[in-house]
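# Residue-level structural notes
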2 protein chains.
Amino acid sequence: APPSGASATSDLKANFKAVFPELVDEIMAELHDQFDLPEDALKYIRHNLEYNVPHGKLNRGLAVSHCYKAFRKGDAIKPHEERAAYILGWCVELLQAFFLVADDIMDASVTRRGQPCFFRLPQVGLNAINDSLVLESMIYRLIRKHFRDSSVYVDLVHLFQDITYTTEIGQLLDLTSNEADKVQLDRFTDDALARIYKYKTSHYTFYLPVALGMRLAEVSDQKCYDTAKQICLKIGHFFQAQDDFLDAFGDPEVTGKVGTDIEENTCTWLIVEALKVATPADMAILNENYGVKNKANSDKVKEVYTRLGLKDKFLKFENKTYEEATKMIEDVSGMPTGAFEFLLTSLYKRKK
Amino acid sequence: APPSGASATSDLKANFKAVFPELVDEIMAELHDQFDLPEDALKYIRHNLEYNVPHGKLNRGLAVSHCYKAFRKGDAIKPHEERAAYILGWCVELLQAFFLVADDIMDASVTRRGQPCFFRLPQVGLNAINDSLVLESMIYRLIRKHFRDSSVYVDLVHLFQDITYTTEIGQLLDLTSNEADKVQLDRFTDDALARIYKYKTSHYTFYLPVALGMRLAEVSDQKCYDTAKQICLKIGHFFQAQDDFLDAFGDPEVTGKVGTDIEENTCTWLIVEALKVATPADMAILNENYGVKNKANSDKVKEVYTRLGLKDKFLKFENKTYEEATKMIEDVSGMPTGAFEFLLTSLYKRKK
Ligand SMILES: [Mg+2]
Ligand SMILES: [Mg+2]
Ligand SMILES: [Mg+2]
Ligand SMILES: [Mg+2]
Ligand SMILES: [Mg+2]
Ligand SMILES: [Mg+2]
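Note that the structure is a prediction, hence the values are computed from the model and not measured.

## Remarks on the overall build of chain A
Scanning chain A from N- to C-terminus turns up 14 helices and 2 strands. Expected size for 352 residues packed as a compact globule is a radius of gyration near 20 Å; at 21 Å, chain A falls within 12% of this value. Over its C-alpha atoms, taken along the principal directions, chain A stretches across nearly 65 × 55 × 40 Å. Within the span of chain A, comprising 352 residues, buried residues form 57% of the whole. The long-range share in chain A, meaning contacts at least 24 apart out of those at least 6 apart in sequence, stands at 76%. Within the structure as shown, chain A displays about 14,500 Å² of accessible surface, and the carbon and sulfur contribution to it stands at 52%.

## With respect to the coordination of the magnesium ion (ligand 1)
All names here are of chain A. Within the first shell, the magnesium ion (ligand 1) binds the protein through Asp103 (OD) and Asp107 (OD), at distances of 2.1 Å. Here the magnesium ion (ligand 1) and the magnesium ion (ligand 2) are spaced 3.2 Å apart, linked through aspartate 103, which binds each one. No difference in accessibility class separates aspartate 103 from aspartate 107, as the two residues are buried.

## Section: the interface of chain B and chain A
Every contact between the two is made by 51 residues of chain B and, on the other side, 51 residues of chain A. Summed over both partners, the interface of chain B with chain A comes to about 4,600 Å²; 63% of that surface belongs to carbon and sulfur atoms. Among the residues chain B hides against chain A, the three largest losses belong to Phe35, Tyr165 and Leu172 of chain B. Together they make up 14% of the total. Between the two partners, chain B and chain A, sit 8 salt bridges. Linking chain B with chain A are 18 residue pairs in polar contact (both at pLDDT 80 or more). Among the elements of the structure, helix 1 (4-34), helix 2 (39-52), helix 4 (79-106), helix 5 (127-147), helix 6 (153-175) and helix 7 (190-216) of chain B are those that each provide at least two residues to the side of chain B that touches chain A. Among the elements that make up the side of chain B that touches chain A, the one with the highest residue count is helix 6 of chain B (15 residues).

## Regarding unusual backbone geometry
A positive phi angle, near 60°, is found at glutamate 218 of chain A, a position not held by glycine. Relative to the elements of secondary structure, glutamate 218 of chain A occurs in the loop between helix 7 (190-216) and helix 8 (222-249). A positive phi angle, near 50°, is found at alanine 108 of chain B, a position not held by glycine. Judged by relative accessible area, which is 37%, alanine 108 of chain B ranks as partly exposed.

## Re empty space enclosed by the protein
This model, assessed by the stated rule, comprises 11 cavities of 30 Å³ or more. Considered as a void within the structure, the largest cavity measures approximately 160 Å³ in volume. Along its surface, the largest cavity is lined by 13 residues, and Glu136, Tyr140 and Gln161 of chain A together with Glu136 and Tyr140 of chain B are the ones closest to its centre. For the lining of the largest cavity, the secondary-structure elements that each account for two or more residues are helix 5 (127-147) and helix 6 (153-175) of chain A together with helix 5 and helix 6 of chain B. Considering every element that reaches the lining of the largest cavity, the biggest residue donor is helix 5 of chain B, with 5 residues. Per-class residue counts for the lining of the largest cavity are 2 nonpolar, 6 polar and 5 charged.

## Looking at the relation of the copies chain B and chain A
Of the transformation placing chain B onto chain A, the axial shift is 0.0 Å and the rotation is 180°, giving an RMSD of 0.0 Å. Expressed as a symmetry operation, the mapping of one chain copy onto the other fits a two-fold axis. Judged by C-alpha distance, isoleucine 129 of chain B is the residue of chain B that lies nearest the rotation axis, at 3.6 Å. Mapped onto chain A, 100% of the interface residues of chain B again fall at the interface, so both copies present the same surface.

## Re the packing of aromatic side chains
If you walk through the whole model with that rule in mind, you get 38 aromatic pairs over all chains. Seen from their ring centres, phenylalanine 206 of chain A and phenylalanine 239 of chain A are 5.4 Å apart, and the 75° between their planes marks the pair as edge-to-face. Taken together, the positions of phenylalanine 206 of chain A in helix 7 and phenylalanine 239 of chain A in helix 8 put the pair 33 residues apart, joining distant regions of the chain. By relative accessible area, phenylalanine 206 of chain A is classed as buried at 3%. On the basis of relative accessibility, which here comes to 7%, the residue phenylalanine 239 of chain A falls in the buried class. For the pair phenylalanine 245 of chain B and phenylalanine 314 of chain B, a centre-to-centre distance of 4.3 Å together with 5° between the ring planes defines the contact as stacked.

## Things to note about the pattern of salt bridges
Once their charged atoms are close, side chains differing in charge can pair, the charge on each being opposite to the other. Residues and elements named next belong to chain A. Scanning the model with the defined rule gives 60 salt bridges over all chains in all. Glutamate 30 is paired through a salt bridge with arginine 141; the nearest N and O atoms lie 3.2 Å apart. Taken as a pair, glutamate 30 in helix 1 (residues 4-34) and arginine 141 in helix 5 lie far apart in primary sequence, 111 residues in all. Arginine 141 carries the same exposure label as glutamate 30, and that label is buried.

## Details of the packing of helix 6 of chain A against helix 5 of chain B
It is the contact of helix 6 of chain A with helix 5 of chain B, at a shortest axis distance of 9 Å, that shows an interaxial angle of 145°. Of the two elements, helix 6 of chain A crosses helix 5 of chain B, and the hand of that crossing is left-handed. Between helix 6 of chain A and helix 5 of chain B, the residues in contact are His158, Gln161, Asp162, Thr164, Tyr165, Glu168, Gln171, Leu172 and Leu175 of chain A and Asn127, Asn130, Asp131, Leu133, Val134, Ser137, Met138, Tyr140, Arg141 and Arg144 of chain B, respectively. For the contact of helix 6 of chain A with helix 5 of chain B, the residue count by class is 7 nonpolar, 7 polar and 5 charged.

Here is what the cut-offs are and how they apply
Residues numbered from 1 in each chain as written. Chains lettered and ligands numbered in written order. Predicted model: local features only at pLDDT ≥ 70, side-chain atom pairs only at ≥ 80, totals over all residues. Heavy atoms only, no water. Helix = DSSP H or I, 4+ residues; strand = E, 2+ residues; numbered from the N terminus. Rg over C-alpha atoms; globule rule 2.2 N^0.38 Å. Buried < 20%, exposed > 50% of the residue type's maximum accessible area, 1.4 Å probe, protein only. Contact = heavy atoms within 4.5 Å. Areas by Shrake-Rupley, 256 points an atom, 1.4 Å probe, with all protein chains shown as cover. Donors = N, O, S within 2.8 Å, 3.2 Å for Na, K, Ca; no water. Buried area = accessible area lost by both parts, 1.4 Å probe. Salt bridge = Lys/Arg side-chain N within 4 Å of Asp/Glu carboxyl O. Polar contact = N/O pair within 3.5 Å; in protein donor to acceptor, adjacent residues only side chain to side chain. 1 Å grid on protein atoms, 1.4 Å probe; cavity = no way out; pocket = protein on both sides within 12 Å on 5 of 7 lines; lining within 4 Å. Points joined across faces, edges and corners; volume = space filled by probe spheres on them. Nonpolar A, V, L, I, M, F, W, Y, C, P; charged D, E, K, R; others polar. Least-squares fit on C-alpha atoms with pLDDT ≥ 70 in both. Phe/Tyr/Trp six-rings, centres within 6.5 Å; stacked < 30°, edge-to-face > 60°. Axes fitted to C-alpha atoms, helices over the stretch in contact; angles between N-to-C directions. Left-handed = near helix turned anticlockwise from the far one by under 90°.

Here it is in structure tokens:
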């Protein structure tokens with residue numbers, strides 16, 4: 001039998017998943033009431049939701065509940081309170097879907113979560129830009145519907161707005177880390193990488209769900225949010241480095257996506273580490289093949305990565321960072337750490 | 001000498017324009033304080049603002065002030081109150097910029113406001129998707145900075161959220177009015193057109209600035225908002241029909257943009273009217289050439305439009321609709337109508 005923690009976690013996940021179709025129905029009912037829309041438009045919108053939102057690992061969405069429960073420790077949580085945490089969790093998953101649909105267009109990606117990227121569907125194409133915006137708007141529909149009369153309503157809206165802006169700034173750093181069509185490997189530094197990770201990934205993936213759980217639990221001590229952010233940035237750096245590693249060396253059958261980082265000239269953990277130890281001969285290969293939209297070229301870059309021992313180096317980095325993050329969490333006092341443990345555990349040695 | 005009304009209007013416009021660089025500086029200062037960003041990222045963001053936001057006709061932004069002043073009639077408006085209306089006006093212009101940057105990608109447009117569409121700039125490309133999102137986020141930064149302590153703060157946020165969602169739904173109707181790569185002219189009906197106009201254009205272009213001005217003037221009577229919406233939807237229908245006409249028959253030197261509607265298979269006033277009177281021979285030409293991404297094909301469609309007398313029909317439609325809208329405004333009682341008059345006058349016989 002799995003340890004009871006694992007079983008409780010899988011119950012939580014099942015309960016969380018069960019809420020999604022209800023929220024879709026709510027959103028569709030509201031659209032039906034507030035707009036005069038033909039059947040095929042309603043069908044198109046439902047497909048957008050069902051195709052893009054529920055098929056991820058759901059750790060972001062679940063983290064809201066984990067955090068909320070950890071901070072309510074001792075209290076009996078009423079069903080409507082549990083549901084509130086699930087709804088905010090789905091709002092985080094909507095935010096993620098909004099970002100991914102747009103990001104896949106910008107990165108010219110092919111697959112996502114084991115299915116074609118949304119914009120690759122023949123009936124969608126660049127409509128996906130607008131569809132991603134619709135997903136974003138639905139976050140605020142749901143929050144207004146379910147939290148308008150709550151004392152934390154405006155804080156919840158602000159959290160989503162702030163983290164959305166932060167993520168967009170992070171995307172901008174990612175997208176502009178090189179000038180268009182130029183390979184400027186000297187720009188790929190530890191500092192540039194850390195900045196991209198911090199803004200592009202860590203805030204929305206880790207800090208947002210934790211902060212939402214805390215806000216919902218009416219935590220008002222700013223120090224708790226500051227501590228949470230510090231830990232979430234650490235975990236986020238760990239997570240994004242894994243994401244970069246899997247982009248080159250993961251199994252697309254398992255990750256559900258085909259990597260694009262090398263072809264898209266992205267600043268990643270791998271290229272930053274490669275540049276630290278590359279010989280002049282390696283540098284020539286990297287300069288010639290990085291950022292070229294062709295598999296033969298990206299394979300040459302991967303050969304350099306392999307020759308430079310980056311797979312091994314990554315394992316060491318992974319172990320070291322995991323230990324550091326564990327230590328940070330152990331050192332926390334005066335606030336529950338269940339959410340951080342859930343998040344960190346979900347990442348350990350992940351293959352997807 | 002111009003009539004004093006025109007002179008007051010041009011003063012207002014100059015004052016309104018003078019506020020934009022100040023808001024840019026505010027936004028940049030906040031970015032500098034809240035994020036750790038390299039110089040070139042800050043420069044990129046400033047360029048996004050300066051390239052995309054201030055170069056339109058600015059009637060949307062100005063309408064906020066016109067409406068606010070009309071509703072404050074009799075009161076002495078303090079400088080900080082006047083400024084508040086300008087700031088909300090620039091938020092409407094930000095919203096418009098956000099939509100246009102994204103729309104131009106989806107419509108494969110070439111020019112906008114006499115300059116290349118943002119995504120056509122070599123240093124931008126599909127980054128423009130993210131850049132449009134950044135523009136959207138800045139709306140809420142500005143509103144929070146300037147109105148957080150105001151009693152109307154949450155209403156202002158809700159107005160922007162609601163109208164954004166409405167516009168996205170309208171874009172979706174526009175984009176899905178045909179299935180991808182199919183020409184299904186029978187779908188182009190008066191009803192479909194009216195629905196697209198209402199959601200895609202009228203709400204954000206006309207109702208939003210008026211409602212913002214009213215909210216800022218602390219108008220709380222729901223009937224006033226309902227009346228305003230009715231008139232704004234009428235003016236919006238008029239405006240979008242003009243936009244459709246100018247897309248085919250306007251002078252790109254004057255409109256600042258090259259039309260894409262025929263090639264993009266768009267549901268427009270022209271095609272809907274053409275279908276009402278087309279002979280079987282015309283229908284064959286329309287079916288063969290509509291929605292084909294080639295100038296020779298779209299020219300053939302325009303020949304049919306011309307042969308069917310649509311230019312003349314449009315002039316009649318324009319006069320009739322203008323008169324109907326004027327009548328609607330004259331019939332309003334119990335609330336000032338200055339904003340509607342400003343908006344309708346700004347459209348009369350417009351060439352851009
Ligand atoms: Mg990307
Ligand atoms: Mg990507
Ligand atoms: Mg990646
Ligand atoms: Mg369009
Ligand atoms: Mg367009
Ligand atoms: Mg148009």
